[in-house]
Amino acid sequence: QVQLVESGGGSVQPGGSLRLSCAASVSIDSIYLMAWYRQPPGKQREFVAVIQSSGTTNVADSVKGRFTISRDNAKNTMYLQMNSLKPEDTAVYYCNVRIKPTGIPASDYWGQGTQVTVSS
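Residues numbered from 1 in each chain as written. Predicted model: local features only at pLDDT ≥ 70, side-chain atom pairs only at ≥ 80, totals over all residues. Heavy atoms only, no water.

A. Molecular detail of the sheet that holds strand S8 (residues 77-82). Ordered in space as S1-S3-S8-S7, the four strands form an open sheet in which the pairing is antiparallel. This sheet does not close on itself; its edge strands, each paired only once, are strand S1 (4-7) and strand S7 (67-72). Ignoring which end each strand starts from, the neighbouring axes of this sheet average 15° apart. Here strand S3 (residues 18-24) runs beside S8; their pairing, made up of six bridges, is antiparallel. Considered in S8, the bridge of Ala23 is made with Thr77. (Pairing = 2+ DSSP bridges. Helix = DSSP H or I, 4+ residues; strand = E, 2+ residues; numbered from the N terminus. Axes fitted to C-alpha atoms, helices over the stretch in contact; angles between N-to-C directions.)

B. Local environment of the side chain of Ser21. Assignment of secondary structure puts Ser21 in strand S3. With a relative accessible area of 15%, Ser21 lands in the buried category. Those residues in contact with Ser21 that lie beyond four places of it in its chain are Val5, Glu6, Ser7, Trp36, Thr77, Met78 and Tyr79. (Buried < 20%, exposed > 50% of the residue type's maximum accessible area, 1.4 Å probe, protein only. Contact = heavy atoms within 4.5 Å.)

C. Main features of the pattern of salt bridges. The tally for this structure, following the rule as stated, stands at five salt bridges. Of the charged contacts, one joins Asp89 and Arg38 as a salt bridge, the two residues approaching to 3.0 Å between their closest N and O atoms. Note that Asp89 is positioned in the loop between S8 and strand S9 (91-99) and Arg38 in strand S4 (residues 33-39), a separation of 51 residues in sequence. By the burial criterion, Asp89 is buried, and Arg38 matches it. Ionic pairing is found between Arg66 and Asp89, a salt bridge with its closest N-O pair at 2.7 Å. Of this pair, Arg66 sits in the loop between strand S6 (57-59) and S7 while Asp89 sits in the loop between S8 and S9; the two residues are 23 residues apart in sequence, bridging distant segments of the chain. Classification of Asp89 by relative accessible area gives buried; the value is 1%. (Salt bridge = Lys/Arg side-chain N within 4 Å of Asp/Glu carboxyl O.)

Rendered as structure tokens:
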């Protein structure tokens, strides 16, 4: 079982910045991908960003140019740098880890979620 611990959420004004962290209990070398999702109030969970085992990254169009996903293999930690935050970025943010051992179906693990609030 993989455990994920999220941190870095908080309340900021529009235009502000936050950096979210997701620490995994296993080496990132063993992880197929790591991703961030978010769930705004009253809405469904949506994709935000992903980093593949190769290091390739992709982000949702809604955050392109403002959010950056990265990882630190030595610390088994993934980050989401969020700049130029907007009120519509308000949501609970969840980190997701997918492990895909050879010959075994992939398994997904989720963090506990961290609240990000952007308001005046």
